[in-house]
Amino acid sequence: MNGPVRRRAVIVRVIARLNVGGPAIHVVNLTAGLDPRRFESVLVSGSENAGEGSMLDFALARGVRPVIIPEMVGDASLRPRDLRALASLYRVIRARRPQIVHTHTAKAGFLGRIAARLAGVPVVVHTYHGHILQGYYGPMTSGLLRRMEQALALMTDQIVAVSERVKQDLVDYGIAPPRKIAVIPLGFDLRPFAECAAYRGAFRRELGLPERARLVTIVGRIFPIKNHRLFLQAAALIAAADPEVHFAVVGDGALRAATEEYARTLGIACRVSFTGWRRDLPQIYADTDVLAVSSTNEGTPVSAIEAMAAGRPVVATRVGGLPDLIADGTTGFLVPPGDAGSLAAAILRILRDPDTAGRVGNAARAVAQARFPVERLLSDVEGLYARLLARKEGALVTSTE
């Protein structure tokens, strides 16, 4: 005799906005890729801030049509629109009747977890792709955010961190005990980056660079936490030491105009190309000699994973999840945060030593492809959901006996 037919579990995934960056790619990959025989996925998103770019086309191309709640905007403030966003989220969740609500990013984690509990959702999960508990705001706001996250953790069945460093930060800030935090690294389709050599030369021609020029690139939002000023300070030191090095700033954001002005102030504007947002990143990494990450805080930066998958050396500040990603001297180089001299010296070392560049690039490619494939991410998350649902069902059975 056959057992009861188990229906698919409904997952409502909530993110504050689909701005250009790792979290948006992550949620789209999960929504599109989870086993459709076991899970029915719904993605809910808010609105992007000015200058952040949108990855809605990326979602649509993968068959993901998100439910958009315009009032949900990713920032640390609480405004009347957040109440409207909370009401809209509650209605979406009540209509879909999910077994799991899984939130991503801070504002979605705040609104989504409250809405899920008000709607009586059995399992609530939140992923920290990094955190805004340090480096984003002043001491008072950061303290309030920590207390808020501690309260939200009490209504969360499972917290997910994208790296061991992010998990340790959450423990150190008292957000949750270690047993409540699972580490699930990011996962991406890295094949286009592994095969990027076919594009070599195209980006350099676009920038008008001679064949002998070397290119140092930074990729991401032009936003305070990314510390593009430090990148440009290092660029000025490198430019003074080597006249054949050029720099590319790939991305956009609220600080773009100020960052362009800072390049002019440093006297290196003619050596720095600002490209805006780009989707042809394999082409860009194909012609990049070194990728720089100059952030003051990070979870696991997608640009570093992509560059590593393309076999490009990465020089990064030793912050957040970067030490979990890069083995200093083996798969890249780590430097102290805020130290332009160390950042410049590490980049120049790679540019001047092709053997080191090749060794580090090859080791980085192997690590990225082994640790961050999208297939592993999907398997990890499906296993997590299955365990959480089984635990919840077991608790319900026990409570009724």
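The following refers to the structure shown. (Residues numbered from 1 in each chain as written. Predicted model: local features only at pLDDT ≥ 70, side-chain atom pairs only at ≥ 80, totals over all residues. Heavy atoms only, no water.)

For the protein chain, the count of helices and strands is 16 helices and 13 strands. Taken over the C-alpha trace, the protein chain has a radius of gyration of 22 Å; the compact-globule value for 401 residues is 21 Å, and the two agree within 12%. Principal axes of the C-alpha set define a box for the protein chain whose edges measure 75 × 50 × 35 Å. When each of the 401 residues of the protein chain is scored for burial, the buried share is 56%. Across the protein chain, every contact between residues at least 6 apart in sequence was considered, and the portion connecting residues at least 24 apart equals 71%. When the accessible area of the protein chain is evaluated, it comes to approximately 17200 Å², of which 54% is carbon and sulfur surface. In the protein chain, which carries 50 positive and 37 negative side-chain charges, the distance between the mean positions of the two groups comes to 5 Å. (Helix = DSSP H or I, 4+ residues; strand = E, 2+ residues; numbered from the N terminus. Rg over C-alpha atoms; globule rule 2.2 N^0.38 Å. Buried < 20%, exposed > 50% of the residue type's maximum accessible area, 1.4 Å probe, protein only. Contact = heavy atoms within 4.5 Å. Areas by Shrake-Rupley, 256 points an atom, 1.4 Å probe, with all protein chains shown as cover. Lys, Arg positive; Asp, Glu negative; His and termini not counted. Charge placed at Lys NZ, Arg CZ, Asp CG, Glu CD.)

What follows covers the sheet that holds strand S7 (residues 181-183). The strand order across the open sheet formed by seven strands is S3-S2-S1-S4-S5-S6-S7, and the pairing between neighbours is parallel. Every other strand in the sheet has two partners, leaving strand S3 (67-73) and S7 as the edge strands with one partner each. Sheet twist, expressed as the average angle between the axes of neighbouring strands with direction ignored, equals 25°. The sheet contact formed by strand S1 (residues 9-15) and strand S2 (residues 39-47) spans seven bridges and is parallel. Residue pairing in the sheet places valine 12 in a bridge with valine 42 of S2. (Pairing = 2+ DSSP bridges. Axes fitted to C-alpha atoms, helices over the stretch in contact; angles between N-to-C directions.)

Two pairing modes exist for strands in a sheet, parallel and antiparallel, and in both the strands are linked by backbone hydrogen bonds. In space, the six strands of this open sheet follow the order S10-S9-S8-S11-S12-S13, with parallel pairing throughout. Two strands bound the open sheet, and with one partner strand each, they are strand S10 (272-276) and strand S13 (333-335). Along the sheet, successive strands turn relative to each other by an average axial angle of 25°, direction set aside. Two strands pair when backbone bridges link them, and strand S8 (residues 214-219) and strand S11 (residues 290-293) are joined in this way by two bridges, in the parallel orientation. Across the sheet, residue threonine 217 finds its bridge partner in S11, namely leucine 291. Contacting S8, strand S9 (245-250), S10, S11 and strand S12 (314-317), helix H9 (residues 228-241) runs over the sheet at an angle of about 170° to S9.

Moving on, we come to the packing of aromatic side chains. For the coordinates displayed, the defined rule picks out three aromatic pairs. A centroid spacing of 5.8 Å and a plane angle of 65° characterise the contact between phenylalanine 39 and tyrosine 385, whose relative ring orientation is edge-to-face. Residue phenylalanine 39 is located in strand S2, and its partner tyrosine 385 is located in helix H16 (residues 374-400); the two are separated by 346 residues in the primary sequence. Comparing phenylalanine 39 with tyrosine 385 shows no difference in burial state: the two are buried. Between phenylalanine 231 and phenylalanine 247, the ring centres sit 6.2 Å apart and the planes meet at 85°, which makes this aromatic pair edge-to-face. Here phenylalanine 231, found in helix H9, pairs with phenylalanine 247, found in strand S9; they are 16 residues apart in sequence, far enough to count as distant. Note on accessibility: phenylalanine 231 and phenylalanine 247 belong to one class, buried. Just above the ring of phenylalanine 223 sits the side chain of arginine 221; from NZ or CZ to the centre is 4.3 Å. In this arrangement the basic side chain of arginine 229 is found over the ring face of tyrosine 262, its NZ or CZ atom lying 3.8 Å from the centre. (Phe/Tyr/Trp six-rings, centres within 6.5 Å; stacked < 30°, edge-to-face > 60°. Lys NZ or Arg CZ within 6 Å of the ring centre and 35° of its normal.)

Before going further, it helps to examine the pattern of salt bridges. Scanning the model with the defined rule gives 25 salt bridges in all. Its salt-bridge partner being aspartate 35, residue arginine 37 comes within 3.0 Å of it at the nearest N-O pair. You can call arginine 37 exposed: its relative accessible area is 70%. Using a relative accessible area of 14% as the deciding quantity, one classes aspartate 35 as buried. In this structure, glutamate 261 engages arginine 264 in a salt bridge whose closest nitrogen and oxygen atoms are separated by 2.9 Å. A residue pair is termed a helical-turn pair when its members lie 3 or 4 positions apart in one helix, as glutamate 261 and arginine 264 do in helix H10 (residues 256-265) at three residues. Glutamate 261 gets classed as partly exposed once you look at its relative accessible area, which sits at 39%. Where salt bridges share partners, they join Arg17, Glu52 and Arg221 into one cluster. (Salt bridge = Lys/Arg side-chain N within 4 Å of Asp/Glu carboxyl O.)

On to helix H14 (residues 340-352), then. Residues spaced three or four apart along an α-helix face the same direction, because each turn holds 3.6 residues. Along its 13 residues, H14 runs 18 Å from first to last C-alpha, staying within 8% of the 18 Å computed at 1.5 Å per residue. Buried residues of H14: Ala340, Leu343, Ala344, Ala346, Ile347, Leu348, Ile350 and Leu351, and no others. Taking the backbone nitrogen of glycine 341 as reference, a side-chain oxygen 3.2 Å away marks aspartate 339 as the first, capping residue of H14. (Expected span 1.5 Å × (residues − 1). Polar contact = N/O pair within 3.5 Å; in protein donor to acceptor, adjacent residues only side chain to side chain.)

These results come straight from atomic positions and should not be treated as a statement about function.
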